[in-house]
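# Per-entry structural report
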Amino acid sequence: MELIDSVIKEIEELDDALQKKYIPKSHYGIKTNLKPLWKLSKEKSNLLIKLTKQHNPKTILELGTSSGYSALNLRKASKTAKIYSIEFDEKKVELAKHHFNKAKVNIVVIQARVNNALNQWQEPLDLVFMDCDKNYLHYFNQLKPCLNPKALIIVDNYEKSNDITKMVKEEFNVREEIGLLFFHYDIAS
Ligand SMILES: C[S@@+](CC[C@H](N)C(=O)[O-])C[C@H]1O[C@@H](n2cnc3c(N)ncnc32)[C@H](O)[C@@H]1O
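Values in this document were obtained by computation on a predicted structure and should not be read as measured data.

### What about the overall build of the protein?
A tally of helices and strands in the protein yields seven helices and seven strands. Starting at the N terminus and ending at the C terminus, the protein contains elements arranged as α-α-β-α-β-α-β-α-β-α-β-α-β-β. Here the C-alpha coordinates of the protein stretch approximately 50 × 30 × 30 Å along the principal axes. Residue burial in the protein is summarised as follows: out of 189 residues, 38% are buried. Long-range pairs, those at least 24 residues apart, make up 64% of the contacts in the protein with a sequence separation of at least 6.

### What to know about helix 1 (residues 3-19)
Here helix 1 contains 17 residues, and its C-alpha end-to-end distance of 25 Å stays within 8% of the 24 Å for a straight helix at 1.5 Å per residue. Within the sequence span of helix 1, burial applies to Val7, Ile8, Ile11 and Leu14. For helix 1, the arc enclosing every buried residue in end-on projection is 115 degrees, short of the 170-degree limit, so these residues lie on one face. Residues of helix 1 that are exposed and point more than 90 degrees away from the buried face comprise Asp5, Ser6, Lys9 and Asp16. The secondary structure elements touched by the buried residues of helix 1 are helix 3 (69-77) and helix 4 (90-103). Where helix 1 ends, the next residue or the one after it, lysine 21, has phi of about 70 degrees, a positive value.

### As for the pairing of strand 2 (residues 82-87)
Of all six residues that make up strand 2, five are buried, and the element is covered over most of its length. Since strand 1 (residues 59-63) and strand 2 lie parallel, the crossover through helix 3 that links them has a hand, and here it is right-handed. Direction of pairing for strand 2 relative to strand 3 (residues 108-111): parallel, over a ladder of four bridges. Counted as the bridge partner of tyrosine 84 is valine 108 from strand 3. Taken together, strand 2, helix 4 and strand 3 constitute a β-α-β crossover, and its handedness is right-handed.

### Quick notes on the nonpolar core
Formed by 48 residues in total, the largest nonpolar core has its most connected members in Val128, Met130, Ala151, Ile153, Ile154 and Val155. Ranked by residues supplied to this core, first place goes to strand 5 (residues 147-156) with six residues. Discounting chain neighbours no more than four positions away, the residues touching isoleucine 153 are Val128, Phe140, Phe182, Phe183 and Tyr185.

### Overview of the site of the ligand
Close contacts around the ligand come from 18 residues, with Trp38, Gly64, Tyr69, Ser70 and Phe88 the closest. Elements supplying a minimum of two residues to the shell around the ligand: helix 3 and strand 2. Partitioning the shell around the ligand into residue classes produces seven nonpolar, four polar and seven charged.

### So, the pairing of strand 7 (residues 180-185)
Pairing analysis gives six bridges linking strand 5 to strand 7, with the strands arranged antiparallel. Counterpart to isoleucine 153 in the pairing with strand 7 is phenylalanine 183. Note that strand 6 (residues 175-177) and strand 7 share three bridges and pair antiparallel. By the bridge assignment for strand 7, glutamate 177 is matched with leucine 180.

### With respect to the sheet that holds strand 4 (residues 125-130)
Within the open sheet, the seven strands sit side by side as 3-2-1-4-5-7-6. Their pairing is mixed. In this open sheet, the two edge strands, each paired with only one partner strand, are strand 3 and strand 6. Between one strand axis and the next, the sheet turns by 20 degrees as a mean value, whatever way the strands run. Across the sheet, helix 4 touches strand 2 and strand 3, and the angle it forms with strand 3 is around 170 degrees. Sheet strands touched by helix 6 (residues 136-143): strand 1, strand 4 and strand 5. Its angle to strand 4, the strand with the most contacts, is close to 165 degrees.

The rules behind each value
Residues numbered from 1 in each chain as written. Predicted model: local features only at pLDDT ≥ 70, side-chain atom pairs only at ≥ 80, totals over all residues. Helix = DSSP H or I, 4+ residues; strand = E, 2+ residues; numbered from the N terminus. Buried ≥ 20, exposed ≤ 12 C-beta atoms within 10 Å, placed from the backbone. Contact = placed C-beta atoms within 7 Å. Expected span 1.5 Å × (residues − 1). Arc of directions from axis to C-beta. Right-handed = clockwise from strand over helix to strand, strands pointing away. Pairing = 2+ DSSP bridges. Core = buried A, V, L, I, M, F, W, Y, C linked by C-beta atoms within 7 Å. Near = placed C-beta within 6 Å. Nonpolar A, V, L, I, M, F, W, Y, C, P; charged D, E, K, R; others polar. Axes fitted to C-alpha atoms, helices over the stretch in contact; angles between N-to-C directions.

In structure tokens, the structure reads:
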């Protein structure tokens, strides 16, 4: 088993344990709390991997790191992309960094509120994965100037954010599968 797969498995076990309100041995001594990780399901992670592989992005931005589970799946899908992930919770940032170090992968965690980080964002992006609070339309509008043509946008739990769902369905060729909504930022569409 690859190192990255063993860390992904460890996070799945941590998530199970936290739901039963205990910390497993693998995470003794690591600053965490008993809050749920709200990580992606295995099924959604597999779709995230498939979409990322197909798109072959050079630069990826994730909104909502939590334990780093989905970011590690993004890294599994692309060994070479630059990956950034934004998270405001200090303990989650520490937990995610612990997992990235353990998996020996380079993923840049930005500890900030998404809104603040995106206000200053300048780097062109090929893929954005949104999995944080549900101000997705606002974040999408903030990111628009940095999206490369045909950038792939993937949104989790979009049904809780009616505004982005309505707008993108009117303006883009959107697909929905197992609770993920995704579309290419095609300004000509
Ligand atoms: C659903 S979880 C992310 C799960 C992660 N993508 C995964 O699958 O492993 C959402 C995370 O976003 C963080 N978050 C929510 N709103 C945020 C905001 N406005 N700015 C920064 N982080 C935020 C939460 O603290 C939480 O850790």
